[in-house]
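Each chain, written out:
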Amino acid sequence: MISNYLKIAFRNLANHKLYAFLNIIGLSIGLASSLLIILYIAHELSYDTFNEKADRIYRVALNGKIAEQEVFTTNTTAPLAFTAVEEFPEVENATRLYTYHQDLVIRKGDMVISEEKVFIADSTFFEVFSFELLEGDAATALTEPNSLVIPQNIAHKYFGDDSALGQTLLLGNEKTPHIITGILKDLPDNSHFHFNMLRSMSSMEFSRSQEWFNNSFMTYLLLHEGASAEAVDQKLVTLVEKYVGPEVEQYMGVSLKNFMEQGNKYGYFLQPLLDIHLHSHLNDEIEPNSDITYVYIFAAIGFFIILLACINFMNLATARSANRAKEVGVRKTLGSLRKHLVRQFLTESVLLSVLASVLALFAALLLLQPFNYLAGKQISSDVFFRLEFIAGLMGLTILVGVIAGSYPAFYLSSFRPVEVLKGRLKAGMKSSGIRNVLVVFQFFISITLIICTLLVYKQLEYTRTKNLGFDKENIVVLSGLWKLNEGEQKALKQELIGQANIINASISNHVPPGANNTTIFRKKDTDEDILISTYFVDYEHLPTLKIEMLVGRNFSRDYLSDTAVVLLNEAAVKQFGFEKPINEEISYFGGEYGGMEDYTVVGVFKDFNFESLRSDIRPLALMLAERGGHLSVRIHGDVRTAMSSIEQSWKKYAADEPFQYSFMDEDYDKLFRAEQRLGVVFSIFTGLAILVACLGLLGLAAFMAEQRTKEIGIRKVMGASVGSVMLLLSKDFTKLVIIAFVLAIPLAYYVMESWLEGFAFRIAIGPEIFILAGLSSLCIAWLTVSWQSARAAIANPVDSLRNE
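Described in the following lines is the structure provided in the data block. Position numbers for residues count from 1 along each chain, tracking the sequence in the order it is written. Whole-chain, interface and lining totals are the exception, using all residues; otherwise, since this is a predicted model, local features are given only for residues with pLDDT of at least 70 and side-chain atom pairs are given and counted only at 80 or more. Note that water and hydrogens are dropped before the side-chain values are worked out from all heavy atoms of the structure.

### A few points about the overall build of the chain
(1) Moving on: In DSSP terms, a helix is any run of H or I states spanning at least four residues, a strand is any run of E spanning at least two, and both are numbered starting from the N terminus. A tally of helices and strands in the chain yields 25 helices and 25 strands.
(2) Moving on: The rule is simple: take the accessible area with a 1.4 Å probe, protein chains only, and divide by the maximum for that residue type; under 20% is buried, over 50% is exposed, in between is partly exposed. Per-residue burial for the chain yields a buried fraction of 52% across its 804 residues.
(3) Moving on: Pairs of residues are marked as contacts when any of their non-hydrogen atoms sit within 4.5 Å. Considering only contacts in the chain between residues 6 or more positions apart, those separated by 24 or more positions represent 80%.
(4) Moving on: For the chain, the accessible surface area stands at approximately 35,800 Å², while carbon and sulfur atoms represent 57% of it. Shrake-Rupley sampling with a 1.4 Å probe provides the accessible areas, and residues are treated as covered by the protein chains on show and by no other component.

### With respect to the packing of helix 3 (residues 80–87) against helix 6 (residues 229–252)
(1) Moving on: Their axes nearest at 11 Å, the elements helix 3 and helix 6 cross at an angle of 115°. Regarding the angle of helix 3 to helix 6, the classification is roughly perpendicular. Crossing handedness for the pair helix 3 and helix 6: right-handed. Of the residues in helix 6, those touching helix 3 at Leu80, Thr83 and Glu87 are Leu236, Leu239, Lys242 and Tyr243.
(2) Moving on: Its residues placed into classes, the contact of helix 3 with helix 6 shows four nonpolar, one polar and two charged. Between the N-to-C directions of two axes lies an angle of 0 to 180 degrees, each axis being a line fitted to C-alpha atoms and, for a helix, fitted only over the stretch in contact. Working rule for angles: under 35 degrees goes down as roughly parallel, over 145 as roughly antiparallel, 65 to 115 as roughly perpendicular, anything else as oblique. Rotating anticlockwise by less than a right angle from the far helix to the near helix defines a left-handed crossing, while the corresponding clockwise rotation defines a right-handed one. Any residue outside Ala, Val, Leu, Ile, Met, Phe, Trp, Tyr, Cys, Pro, Asp, Glu, Lys and Arg is labelled polar, Gly included; the first ten of those are nonpolar and the last four are charged.

### Let's talk about unusual backbone geometry
(1) Moving on: The omega torsion across Pro512 and Pro513 is -5°, close enough to zero to call that bond cis.
(2) Moving on: Tracing the backbone shows Pro513 in the loop between strand 16 (502–508) and strand 17 (518–523).
(3) Moving on: Of note in this structure, Asp284 is not a glycine but carries a positive phi near 65°.
(4) Moving on: Mapped onto the fold, Asp284 is located in the loop between helix 8 (276–279) and helix 9 (292–319).
(5) Moving on: Judged by relative accessible area, Asp284 falls into the partly exposed class, the value being 31%.
(6) Moving on: One non-glycine residue, Asn474, lies in the positive phi region at around 60°.
(7) Moving on: Its location among the elements puts Asn474 in the loop between helix 15 (433–465) and strand 15 (475–478).
(8) Moving on: Residue Asn474 is classed as partly exposed on the basis of its relative accessible area, which comes to 42%.

### Describing the environment of Leu352
(1) Moving on: In this structure, Leu352 sits in helix 11 (residues 338–375).
(2) Moving on: Given the relative accessible area of 1%, Leu352 is considered buried.
(3) Moving on: Distance from Leu352 to Ala20, taken between C-alpha atoms, is 7.6 Å for residues 332 residues apart in sequence.

### Overview of the side chain of Ser191
(1) Moving on: Note that Ser191 resides in the loop between strand 11 (176–184) and strand 12 (197–200).
(2) Moving on: Within the structure, Ser191 has its side chain in polar contact with the backbone oxygen of Phe193 (distance 2.8 Å).
(3) Moving on: The contacts of Ser191, once residues within four sequence positions are left out, are Tyr47, Asp48, Phe50, Phe131 and Glu287. Counted as a polar contact is a pair of N or O atoms within 3.5 Å, where, for protein atoms, one must be capable of donating a hydrogen and the other of accepting one, and residues adjacent in sequence contribute only when both atoms are in side chains.

### Focus on the packing of helix 16 (residues 486–497) against helix 19 (residues 639–653)
(1) Moving on: Between helix 16 and helix 19, the least distance of the axes is 10 Å, while the angle of their chain directions is 155°. It follows that helix 16 is roughly antiparallel to helix 19 by the angle criterion. The handedness of the crossing between helix 16 and helix 19 comes out as right-handed. Contacts between helix 16 and helix 19 involve Glu488, Ala491, Leu492, Glu495 and Leu496 from the former and Ser645, Ile646, Ser649, Trp650, Lys652 and Tyr653 from the latter.
(2) Moving on: Looking at side-chain class alone, the contact of helix 16 with helix 19 contains six nonpolar, two polar and three charged residues.

### Structural notes on the environment of Arg762
(1) Moving on: Locating Arg762 in the fold gives a position in the loop between helix 23 (722–756) and helix 24 (767–794).
(2) Moving on: By relative accessible area, Arg762 is classed as partly exposed at 26%.
(3) Moving on: Along the sequence, Arg762 and Arg614 sit 148 residues apart, while their C-alpha atoms lie 8.6 Å from each other.
(4) Moving on: With residues up to four places along the chain from it excluded, the contact list for Arg762 reads Gln459, Tyr462, Glu753, Leu756 and Glu757.
(5) Moving on: In this structure the side chain of Arg762 is engaged in a polar contact, spanning 2.8 Å, whose partner is the side chain of Glu753.

### Looking at helix 19
(1) Moving on: The terminal C-alpha atoms of helix 19, which comprises 15 residues, lie 21 Å apart, in line with the 21 Å expected from a rise of 1.5 Å per residue.
(2) Moving on: For helix 19, the full list of buried residues reads Ala642, Met643, Ile646, Ser649 and Trp650. Each buried residue of helix 19 lies within a common arc of 125° when the element is viewed along its axis, so the set occupies one face. Those residues of helix 19 that are exposed and aimed more than 90 degrees away from the buried face are Arg640, Gln648 and Lys652.
(3) Moving on: At its buried positions, helix 19 is contacted by strand 15, helix 16, strand 16, strand 24 (630–635) and strand 25 (661–663).
(4) Moving on: By the N-cap criterion, in which a side-chain oxygen at the helix start approaches the backbone nitrogen of a residue two or three places on, helix 19 is capped by Asp638, the distance to Arg640 being 3.4 Å. One less than the number of residues in a helix, times 1.5 Å, gives the span that helix is expected to have. The directions from the helix axis to the C-beta atoms are what the arc is built from.

### A word on the pattern of salt bridges
When charged atoms on two side chains of opposite charge get close, those side chains can pair.
(1) Moving on: Salt bridge, as applied in this entry: a Lys or Arg side-chain nitrogen positioned within 4 Å of an Asp or Glu carboxyl oxygen. Within this structure, the stated rule accounts for 23 salt bridges.
(2) Moving on: A salt bridge links Lys185 to Glu132; the nearest nitrogen and oxygen atoms lie 3.9 Å apart. Of this pair, Lys185 sits in the loop between strand 11 and strand 12 while Glu132 sits in the loop between helix 4 (125–128) and strand 8 (133–135), and the two are 53 residues apart along the sequence.
(3) Moving on: Glu132 gets classed as partly exposed once you look at its relative accessible area, which sits at 45%.
(4) Moving on: For Glu486, the salt bridge goes to Lys490, with nearest N and O atoms at 3.4 Å.

### A closer look at a nonpolar patch on the surface
(1) Moving on: Patch membership is restricted to residues that have no salt bridge and whose relative accessible area is over 30%. Joining uses 9 Å for like charges and 5 Å for the nonpolar side chains Val, Leu, Ile, Met, Phe, Trp and Tyr. Taken together, the side chains of Val354, Val358, Phe362, Leu365 and Phe385 define a hydrophobic patch exposed on the protein surface, amounting to about 480 Å² of accessible area.
(2) Moving on: Counting through the fold element by element, Val354 comes out in helix 11.
(3) Moving on: We classify Val354 as partly exposed; its relative accessible area is 38%.

Okay, here's the thing in structure tokens:
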């Protein structure tokens, strides 16, 4: 019986090649897209699952609120980790990470490399996390001071094929010898942090600090099996009361209770390790995380692409019902039961799905590397050969085949043989209500995706071109300036300013985007605390970045007292409540021994975006210092000439140090690189969804033209023009696209309005995007059906009428 079903199925496919081609291509595109999306989603959901104790590992985060400014950060205090181990019976172990904000110079013989992602970790690191150590002892690798653990790829980078274990590297300006005590297997891609080197925490004196009000470490707790994370969360409150409270009273002059009663907040909370990648959006994340929203979006796109392909099959199968009605009638007359006909039609649809799956698998294999590049992932092709993947693909293939063929199977098998053989089904088979609904649904999804894609690109373009309040173009940032002493830094800056291709230069300890030093200020002689972002700059910083002064003055060498003055942005002035800010006095919580120092406001500069456009402009204070870790150089003219001059000057003062630089505009672009990648992937899948919908529209147009061949012949004999015939065949589809467009508007608006809420600076959703999407969808539909319409319109009417 099955062999008979397959024989008839192959025969039908061979006799209707266009039908078979459109269905197989549509299903294969849908399946290939869905396979890639499934791999992407599986990869996103797999983050940190390689850790054997992942379900028991939690990161401690800090939630603080001072003067109506709330801070959520990954940074916690040094003593928190092992205090929790000692005082909380639920905590089995703990470990800390400290990340450098700048690259670290590594030396080996004549080799000098500026290495990024150098972390410092406790000796308990491998007791909490499950990174695989290929050489060395995990229990002792980070115990001794000046120990270093590196991954395989870094070991090969410095030592080639020689064994790196026991070898020595010199770290930092101090050229401190570090012994390599462990070689790691290259870190998995699906970890929420990656490092190139892991230094032992015992080397760092500051790691033994007992200050609870200084937060610069990431703390991870390993709970005992069955321990309650909620119980630990509650006990963290007692740590704040016990240890943070006395320091609040010491430094701020108020009790913790009064501090809280003023509307402030200070507390720790736990984050499950497995939630970090998709659910955490705190300040000071080690790496940019993804968002569970994107997983939902891509899951929906994959589902709809498959659904569109299935709808194509249904539409084309029911459109061909007239051609198969007599077959059904004859079969039933000869004794076929309805269940046999259902099996026949389902066999055909599953066969099409199998053929499409084979094509989809090859397409997915070929497209995996380009997809990895676009999505910024490292998904291995090995996944295609795993048993669970093959089983899943087989299940998906059968499911798609059954879903796609179910309606046609039950529809076609329901024909009554007497009516079919008497020719009474003709009118009924022309009834296209269900097909119209399915076409509307296809274009409803396609138009929604078009609108969303256009708005995503408009927002990303807005973030790229928005006026940030300063000029980020043509600024080169040298990030290794801290390697020079103060005299060398000043000399380098002055030499650069005197060169032809350089307009100005400025030394600072931070540069936009980012001013991650946030501290407490007060109005003079008050207890009102205000949280302000702060960084130190020299006299040329504002002119170099072209930041506009609103009132007052910039730092000046004419005033020896400028070491005790401060410049504020508009947001800070508003936060302090100053009506006339010039000469107002404020106190800075950052003086010697943690005391308060007084500063006088001498200038107010215009607000500028020194962080991501996802957040509002926060209060910012600039303070004077002529030494820092960054040198911002504004260039003009030929970039290569300017960079050559800068490099020559650098080598003059730092011959043994690597020349590191970046362009400030590119640093801003990196903030939205993940969104840009997702935007590209999103638009590609949107295009594929539209293509699938168009394949179905092309097939329907072909069958509609075939059904109306006689009508078209008569119209042409009666004098109808080619244009009027094309309009006749296109207008029905035009109506369906317009209906789909109207239905798509509210859904697209709701989805994009929700997405845009994540941006403090965002575009307004205007009607032009919807109009463009509507016109685009109409043009796509017209172009799709125009070929079949033109072909039917220019056909010789004699050929069609002769068959009567």
